[in-house]
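# A closer look at the structure
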Amino acid sequence: MHDTTRLLIELGAIILGLGVIGRFAGRIGLSAIPLYLLAGLAFGHGGLFELSASEEFVAIGAEIGVILLLLLLGLEYSASELVDNLRTQYPSGAVDFLLNATPGAVAALVLGWGPVGAVALAGVTWISSSGVIAKVLTDLGRLGNRETPVILGVLVMEDLAMAVYLPILTTMVAGVGLAGGSVSLMVALGTVGLVLYVALRHGRLISKAVSSDNPELLLLVVLGLTVLIAGIAQQLHVSAAVGAFLVGIALSGEVAENAHRLFAPLRDLFAAVFFVFFGLSTDPENIPPVLVPALILAVVTSVTKVVTGWYAARRAGISPKGRLRAGGALVARGEFSIVIAGLAAGVATQIRPLATAYVLLLVIIGPLAARWTEPLVRAVFPRLLEVPTGGTERGPAKGPGAGPDTVSRADSPSAPEGLQSPGGR
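Residues numbered from 1 in each chain as written. Predicted model: local features only at pLDDT ≥ 70, side-chain atom pairs only at ≥ 80, totals over all residues. Heavy atoms only, no water.

## Quick look at the overall build of the protein chain
For clarity, the threshold we go by: Secondary structure counts use DSSP, requiring at least four H or I residues in a row for a helix and at least two E residues in a row for a strand, with both numbered from the N terminus. Buried, partly exposed and exposed residues are distinguished by accessible area as a fraction of the type maximum, computed with a 1.4 Å probe on protein chains only: under 20%, between the cut-offs, and over 50%, respectively. In this description, contact between two residues means that some pair of their heavy atoms is separated by no more than 4.5 Å. Note on areas: these come from Shrake-Rupley sampling with a 1.4 Å probe, and a residue is covered only by the protein chains present in the view.
Looking only at helices and strands, the protein chain has 15 helices and zero strands in total. Buried residues in the protein chain amount to 50% of all 425 residues. Partitioning the intrachain contacts of the protein chain with sequence separation of at least 6 by distance along the chain shows that 82% fall at a separation of at least 24. Within the structure as shown, the protein chain displays about 19,000 Å² of accessible surface, and the carbon and sulfur contribution to it stands at 67%.

## Examining the packing of aromatic side chains
Where we set the bar: Think of it this way: a Phe, Tyr or Trp ring, Trp meaning its six-membered ring, pairs with another when their centres are within 6.5 Å, and the plane angle makes it stacked under 30 degrees, edge-to-face over 60, tilted otherwise.
Scanning the model with the defined rule gives two aromatic pairs in all. With a centroid separation of 4.9 Å and an interplanar angle of 75°, the aromatic rings of phenylalanine 97 and tryptophan 126 are classed as edge-to-face. One end of the pair, phenylalanine 97, is in helix 4 (residues 79–110); the other, tryptophan 126, is in helix 5 (residues 114–126), and 29 residues separate them in sequence. A centroid spacing of 6.1 Å and a plane angle of 85° characterise the contact between tryptophan 126 and tyrosine 165, whose relative ring orientation is edge-to-face. Remark: tyrosine 165 occurs in helix 7 (residues 148–174) and tryptophan 126 occurs in helix 5; sequence separation between them is 39 residues. Residue tryptophan 126 is classed as buried on the basis of its relative accessible area, which comes to 8%.

## A look at the pattern of salt bridges
Just so we agree on the cut-off: By definition, a salt bridge exists where a carboxyl oxygen of Asp or Glu is found within 4 Å of a side-chain nitrogen of Lys or Arg.
Enumeration over the complete set of coordinates arrives at seven salt bridges. In this structure, the salt-bridge partner of lysine 135 is aspartate 139, at a minimum N-O distance of 3.5 Å. In this pair, lysine 135 and aspartate 139 both sit in helix 6 (residues 130–139), four residues apart, roughly one turn of the helix. Look at aspartate 139 and you get partly exposed, because its relative accessible area is 36%. For glutamate 158, the salt bridge goes to lysine 305, with nearest N and O atoms at 2.6 Å. Here glutamate 158, found in helix 7, pairs with lysine 305, found in helix 12 (residues 291–315); they are 147 residues apart in sequence, far enough to count as distant. A residue is classified by how much of its surface remains accessible, and glutamate 158, at 1% relative accessible area, is buried.

## So, the side chain of threonine 301
Positionally, threonine 301 belongs in helix 12. A relative accessible area of 0% places threonine 301 in the buried class. Leave out the neighbours within four places in its chain, and threonine 301 touches Asn100, Pro103, Thr125, Arg333, Tyr358 and Leu362.

## With respect to the confidence of the model for the protein chain
This is how the line gets drawn: The predictor attaches a confidence to each residue, and that confidence, scored 0 to 100, is pLDDT.
On average, the protein chain scores 79 in pLDDT, and the residues at 70 or more come to 81%. Looking across the protein chain, the model is least confident in helix 8 (residues 178–210), with a mean pLDDT of 73, and most confident in helix 12, with 95. Long-range and interchain partners of residues 390–404, a stretch whose pLDDT sits below 50, account for 27 contacts in this model, where long-range means more than four residues apart. Segment residues 406–425: pLDDT under 50, and 53 contacts once partners within four positions in sequence are set aside and those in other chains are kept.

## Considering the side chain of serine 337
Rules: Under this definition, polar contacts are N or O atom pairs within 3.5 Å; protein pairs additionally need one hydrogen-donor-capable and one acceptor-capable atom, and for neighbouring residues in sequence, both atoms have to be side-chain atoms.
Mapping serine 337 onto the fold places it in helix 14 (residues 335–344). Here serine 337 falls in the buried class, since its relative accessible area comes to 0%. Of the polar contacts made by the side chain of serine 337, one reaches the backbone oxygen of valine 124; its length is 2.8 Å.

## With respect to the packing of helix 5 against helix 14
Counted only if it meets this: Note on definitions: angles span 0 to 180 degrees between N-to-C directions of axes, and those axes are lines fitted to C-alpha atoms, for helices only across the stretch in contact. The cut-offs work like this: below 35 degrees is roughly parallel, past 145 is roughly antiparallel, 65 to 115 is roughly perpendicular, and the gaps in between are oblique. Basically, the charged four are Asp, Glu, Lys and Arg, the nonpolar ten are Ala, Val, Leu, Ile, Met, Phe, Trp, Tyr, Cys and Pro, and anything else, Gly included, counts as polar.
The interhelical angle for the contact between helix 5 and helix 14, taken along N-to-C directions, is 170°, at an axis separation of 8 Å. Taken as axis vectors, helix 5 and helix 14 run roughly antiparallel relative to one another. Contact residues: Ala120, Gly123 and Val124 in helix 5; Ser337, Ile340, Ala341 and Ala344 in helix 14. Tallied by class, the residues present in the contact of helix 5 with helix 14 amount to five nonpolar, two polar and no charged.

## What about a nonpolar patch on the surface?
Filter applied, for reference: To count toward a patch, a residue needs a relative accessible area over 30% and no salt bridge; like charges are then connected within 9 Å, while nonpolar side chains (Val, Leu, Ile, Met, Phe, Trp, Tyr) are connected within 5 Å.
On the surface, Leu295, Val299, Val303 and Val307 cluster together into a nonpolar patch covering about 330 Å² of accessible area. You can see valine 303 is positioned in helix 12.

## Brief notes about the environment of valine 116
If you trace the backbone, valine 116 turns up in helix 5. Valine 116 sits 54 residues away from threonine 170 along the chain, and the two C-alpha atoms are 9.8 Å apart. Setting aside residues up to four positions removed in sequence, valine 116 forms contacts with Leu169, Met172, Val173 and Val347.

## Details of the environment of valine 195
Positionally, valine 195 belongs in helix 8. Distance in space between the C-alpha atoms of valine 195 and glycine 243 is 8.0 Å, their sequence separation being 48 residues.

## Notes on the packing of helix 12 against helix 15 (residues 351–380)
Where we set the bar: Crossings are assigned a handedness: left-handed for a near helix turned anticlockwise from the far helix by less than a right angle, right-handed for a clockwise turn.
For the pair helix 12 and helix 15, the least separation of the axes is 9 Å and the interaxial angle reads 35°. For the element pair helix 12 and helix 15, the recorded crossing hand is right-handed. Side by side, helix 12 and helix 15 meet where Leu291, Pro293, Ala294, Leu295, Leu297, Ala298, Thr301, Ser302 and Val306 of the first sit next to Leu354, Ala357, Tyr358, Leu361, Leu362, Ile365 and Thr373 of the second. In the contact of helix 12 with helix 15, the residues fall into 13 nonpolar, three polar and no charged.

## Examining the environment of leucine 71
With respect to the helices and strands, the residue leucine 71 is situated in helix 3 (residues 55–75). Classification of leucine 71 as buried rests on a relative accessible area of 0%. Along the primary structure leucine 71 and leucine 246 are separated by 175 residues, whereas in three dimensions their C-alpha atoms are 7.6 Å apart. In this structure leucine 71 touches Val222, Thr226, Ala244, Val247, Gly248 and Phe263, once residues within four positions along its chain are discounted.

## Quick word on helix 10 (residues 240–250)
The buried fraction of helix 10 is high, at 11 of 11 residues. Residues of helix 10 that are buried include every one of Ala240, Ala241, Val242, Gly243, Ala244, Phe245, Leu246, Val247, Gly248, Ile249 and Ala250, and no others.

Laid out in C-alpha cells, this is it:
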C-alpha cells in the first residue's frame, strides 16, 4: 500500500476513534484523557497493532496540542493577574517543590541512581502536567472557579522553574563545567523575563497589531505567532508551553475573546492527539518490572499534591471544598516528566520506564482525582469541609452572580459558553 494512502487511512481511523472514545467518555461522565492514553498504548510500539505510517505526523500534532492547550489557558487571564498570582503564590511554589520533589529524590537514592538520577527523578515527581490539567479543568467546567487562579499560579511557577531546572539537569548529565551551565541558565532566565516584560508593558499594542475582523487572518496570525514564540523559547531552553502561555496572556479584550472562540475546536482536536501519542510512544512490555515502585511513588505524590493544592488555596482564602478541588486538579503528571526522564536516560537507564509507568498511572488517576477528591473527602470526613459560622472567604470573585467558588477575568472575556457548567462549581 502506498505510504500516503496508509497515512490517510491511519489518521482517519485515529481521528474517528477519538470521536467515538470522546462520546463514550461523555456518556459515562468520565474525562476522555485516560481512554485516549489507553487507546494509544494499545496501538503503539508493542501494542495490539502498530500505527507506524502516521507516527511522525501524530508526534508533531502532539506538540501542537500542548501549545494550543497552554495558549487558550493563557487567554483566560491577563498579564497583571499572572504577576499578582506569582507574587502571592511563591510560598506555595516552595511548598510544592519540597513536598513533591523530595519523594523522587529519595526513591532515586534508594535505587542507587546517584545524585544525577536523584535530581532527575525529583523533577519527574515534582512537575504537574499543565496540558492534562488544562484539559481536565475545561472538561469539568471549572475555568471560572475561584480556585482556578490558584491552580494556575502553581502551574506557572512550575513551568517557569523549568527555565532554571532544565539547564541545571542538562549540565549535570553532560558533565559541562560551571561556566557553560551558567550561560545556559542566564539565557533561559533572560528569555522568560523579556517575554513577561513585553506582555506586561506592551500587551495592548500586541493585541492591536494582531486584531482583525477577518477570522481567517486572526487565526493565522495568532497561530503563527504562538508557534514561532514557542519554537524560539524551546531553542533557548525554555519550555514551548511557557512561550505559548505567555502569548495567551499578552492578548486581551476582544482579540482574546475572538481567538478563544476560533482556537477551541483546534485545541480539542490536537490535545486528543497529544494524549494518544503519549500512549503510542510507550512500550507496554517495559511497564510491569517497574510498576511497584511507580505505584508507590504515584500514591505518595498524589497525596503530596493534594496537600500542596490545599495549602495554596487556603492562603488565597478559598473554602475547604475549593482547596480539595485545587489539590485534586494538581495530581496529574505528563509532558515535562517525560522530557526530564529522556534527558537523564543515559545516566540512569531505568528512569525512562519508571517515569513512563509513573506518568501513565497519574495521567489516569489525575482526572479522576480532580473530579472525585472533594466528593470523597466530603463523604468520609464531612467535618473537614465545614466553614466557620459567619466566616467569609477572601478571594477575587468579581462581577454579578459570582458565587463563593467562582471567579471571572478582569478586563477580558469570561470563559466561553459551555465551559462553566454548574456541575463544575
